[in-house]
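Understanding the architecture of this molecule
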Amino acid sequence: MNAAPVAVVGAGLAGIACARALAAAGIAVRVFEAQRAPGGRLATRRFAAASFDHGAQYLTADEPDFRRLLEQAAAAGAAGSWRPTWPQRDGSIALWVGLPSMAALPRLLAADLDVEYGARILRIAHARAGWALLDDRGFAHADFAAVAIALPAPAAAALAAGCTPLAARVRKVPMAPCWAAMVAFDAPLAGVPDAGFTGDPVLAWYARNGSKPGREARDSWVLHAAADWSRVEFDQPPQNVQRAMLDRFSEVVGLALPRARVADVHRWRHARVEAPLGEAFLLDRDASVGFCGDWCLEARAEAAWRSGRALGEALAQAQGSTASGKIRGSR
């Protein structure tokens, strides 16, 4: 086994799963995350009057291992079951959320990992022994035997350009932006379901964030704009986007909206996977550079976890085989 550690860039679900798989195999691993907390789109925005899960809205679990992970998180008080009034929903599919906020789940899953927060990796370069990672503060982190990039496909491809020819494949995976609006009202919206996909060209989804377990503000809502509209309106001033999304929400639910106590928007640059890669991960075994994320399999949190775990296991196997010279090719 190689004594040098492995670097994981990104502490979303894919990066956490990759790091945990490496650690479980006895390999030293360091995670670098640009934000101040783990989770990526499993995120929560907090205000004095309300909090909002403005990214991923819920998780589902098809695979028994992932279901057990969520059950363990629930036993630890970091996850719970969401049962919204949602006319289109298949009631047989369990919806999981972080507790008391979506951000609580990745925080629990990353708790025992070595993560450096606030470190945005700008460049990967060859070092005396393996790879060095250069961040936006001017620090160089070295020497790593391998690098796992757990970022949205466009960002991953840009970071790995010049390191591996696999970056060209990653670059071709299309991802769409999403404007998210957050609003808490003074009065309840009577008769409006807790959640729903609308099929509307502007407003794709709405959810009463306060209907999730553990949330403090009942009439707080998260609105997600449609992909095409978000792409066209990507560079609009936030106040214009907020006004347009609230106006459309009013039209969709057929109500005049009460006064808002809190209102804000967030622009997710790479929110939706439009056409996944179709492979669990990519790994250049000659360069020891790999990629994982929901964009590999499908636009679901569980897919991100499966992708990261698969890459972590493959990297662990590759690190164990380095001395025998068996690392060849890519996957």
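Since the structure is predicted, the reported quantities are computational estimates derived from the model, not experimental observations. Here the residue index of a chain counts from 1 through its sequence in written order. With pLDDT at 70 or above as the cut-off, local features in this predicted model cover only qualifying residues; side-chain atom pairs require 80 or more to be listed or tallied, and sums for whole chains, interfaces and linings still use all residues. Hydrogen atoms and water are omitted, and side-chain values are computed over all heavy atoms in the structure.

Here's the deal with the overall build of the protein
Helix and strand assignments come from DSSP, with helices taken as H or I runs of at least 4 residues and strands as E runs of at least 2, each series counted from the N terminus. Within the protein one finds nine helices and 18 strands. C-alpha atoms define the radius of gyration in this analysis, and the globule rule sets the expected value at 2.2 Å times the number of residues to the power 0.38. Since a compact globule built from 331 residues should have a radius of gyration of about 20 Å, the 21 Å found for the protein is in line with a globular shape. Dimensions of the protein, computed from the C-alpha atoms along their principal axes, are close to 70 × 40 × 35 Å. We call two residues contacting when some pair of their heavy atoms lies within 4.5 Å. The contacts of the protein with a sequence gap of at least 6 include a subset with a gap of at least 24, amounting to 67%. Areas reported as accessible are Shrake-Rupley estimates using a 1.4 Å probe. Residue values count occlusion only from the protein chains shown. Surface summary for the protein: the accessible area is close to 14,200 Å², and the carbon and sulfur share equals 51%. Note that His is not counted, nor are the chain ends; the positive residues are Lys and Arg, and the negative ones are Asp and Glu. Charge placement uses NZ in Lys and CZ in Arg. For Asp and Glu, CG and CD serve respectively. Within the protein, one finds 37 positive and 32 negative side-chain charges whose respective centroids are separated by 2 Å.

A few points about the pairing of strand β10 (residues 140-144)
Relative to β10, strand β9 (residues 130-135) runs antiparallel, the two being bridged by three bridges. Bridge pairing in β10 links L133 to H141. Any two strands with at least two DSSP-identified bridges between them are counted as paired. Hairpin connection of β9 to β10: four residues between the antiparallel strands, including G138 at a positive phi of 90°.

Focus on the packing of aromatic side chains
Any pair of Phe, Tyr and Trp rings, taking the six-membered ring for Trp, is counted once the centres come within 6.5 Å. Such a pair is stacked with planes under 30 degrees apart, edge-to-face with planes over 60 apart, and tilted for the rest. Scanning the entire structure with this criterion turns up 12 aromatic pairs. Geometrically, the ring pair formed by Y58 and W205 is tilted, given 6.1 Å between the ring centres and 50° between the ring planes. Separated by 147 residues along the polypeptide, Y58 in the loop between β4 (51-52) and α2 (64-75) and W205 in strand β14 (residues 203-208) bring together distant segments of the chain. Classification of W205 by relative accessible area gives buried; the value is 3%. With centroids separated by 4.7 Å and ring planes inclined at 50°, the aromatic side chains of F197 and W205 adopt a geometry described as tilted. Residue exposure (1.4 Å probe, protein chains only): buried if accessible area is under 20% of the type maximum, exposed if over 50%, otherwise partly exposed. With a relative accessible area of 48%, F197 lands in the partly exposed category. Taken together, the ring pairs in this structure connect Y58, W82, W86, F197 and W205 into an aromatic cluster. Criterion for a charge above a ring: Lys NZ or Arg CZ within 6 Å of the ring centre, and within 35 degrees of the ring normal. One cation-aromatic arrangement involves K212 over W82; the distance from NZ or CZ to the ring centre is 5.0 Å. Of note, R267 hangs over the ring of F234, and the distance from its end group to the ring centre comes to 4.2 Å.

Some details on the environment of N240
Among the structural elements, N240 can be located in helix α7 (residues 238-253). It is 9.9 Å that separates the C-alpha atoms of N240 and V265, two residues lying 25 residues apart in sequence.

Description of the state of the cysteines
Cysteine sulfur atoms that come within 2.5 Å of each other are treated as a disulfide pair. All chains considered together, the criterion is met by zero disulfides. Here C163 is not cross-linked by a disulfide; its sulfur's nearest cysteine counterpart is in C292, at 16 Å. Residue classification places C163 among the buried positions, given a relative accessible area of 12%.

Overview of the sheet that holds strand β2 (residues 29-33)
Within the open sheet, the six strands sit side by side as β7-β2-β1-β11-β18-β17. Their pairing is mixed. Both outer strands of the open sheet, β7 (115-117) and β17 (282-284), are each paired with one neighbouring strand and no more. Within this sheet the neighbouring strands show an average axis-to-axis angle of 15°, counted without direction. Pairing analysis gives four bridges linking strand β1 (residues 6-9) to strand β11 (residues 146-149), with the strands arranged parallel. Axis definition: a line fit to C-alpha positions, over the contact stretch in the case of helices; interaxial angles, taken between N-to-C directions, run 0 to 180 degrees.

Observations regarding the layout of surface pockets
Both cavities and pockets are sets of points on a 1 Å grid over the protein atoms alone; in a cavity a 1.4 Å probe fits but cannot get out, in a pocket the set is open with protein on both sides within 12 Å along at least five of seven lines, and lining residues sit with an atom within 4 Å of a point. Grid points are joined across faces, edges and corners, and a volume is the space filled by probe spheres set on the points. Estimates place the volume of the second largest pocket at around 160 Å³. What lines the second largest pocket is simply A17, R20, A21, D65, F66, R68, L69, Q72, W305 and R309. For the lining of the second largest pocket, the secondary-structure elements that each account for two or more residues are α1 (13-24), α2 and α9 (301-321). The greatest single-element share of the lining of the second largest pocket, amounting to five residues, is contributed by α2. When the residues that make up the lining of the second largest pocket are grouped by side-chain class, the tally is five nonpolar, one polar and four charged. Just so you know the grouping, Ala, Val, Leu, Ile, Met, Phe, Trp, Tyr, Cys and Pro go in nonpolar, Asp, Glu, Lys and Arg go in charged, and all remaining residues, Gly too, go in polar.

Re the nonpolar core
Residues L22, L59 and L315 are the most contacted members of the largest nonpolar core, which totals 49 residues. The residues contacting L22, other than those within four sequence positions of it, are V6, V8, I27, V29, G312, L315 and A316. Buried Ala, Val, Leu, Ile, Met, Phe, Trp, Tyr and Cys residues form a nonpolar core when they are joined through side-chain atoms within 4.5 Å. Among the nonpolar cores identified, the runner-up in size contains 30 residues, and A7, A156, C163 and V170 belong to it.

Here's the deal with the pattern of salt bridges
Between side chains of opposite charge, a pair can form when the charged atoms approach closely. Here a salt bridge means any side-chain nitrogen of Lys or Arg lying within 4 Å of a carboxyl oxygen belonging to Asp or Glu. One pass over the structure, following the stated rule, counts 24 salt bridges. E279 is paired through a salt bridge with R169; the nearest N and O atoms lie 2.4 Å apart. Of this pair, E279 sits in the loop between β16 (260-273) and β17 while R169 sits in helix α5 (residues 167-171), and the two are 110 residues apart along the sequence. Residue R208 pairs with D219 through a salt bridge whose shortest N-O separation is 3.1 Å. Of this pair, R208 sits in strand β14 while D219 sits in the loop between β14 and β15 (220-225); the two residues are 11 residues apart in sequence, bridging distant segments of the chain. The burial state of R208 is the same as that of D219; both residues are buried.

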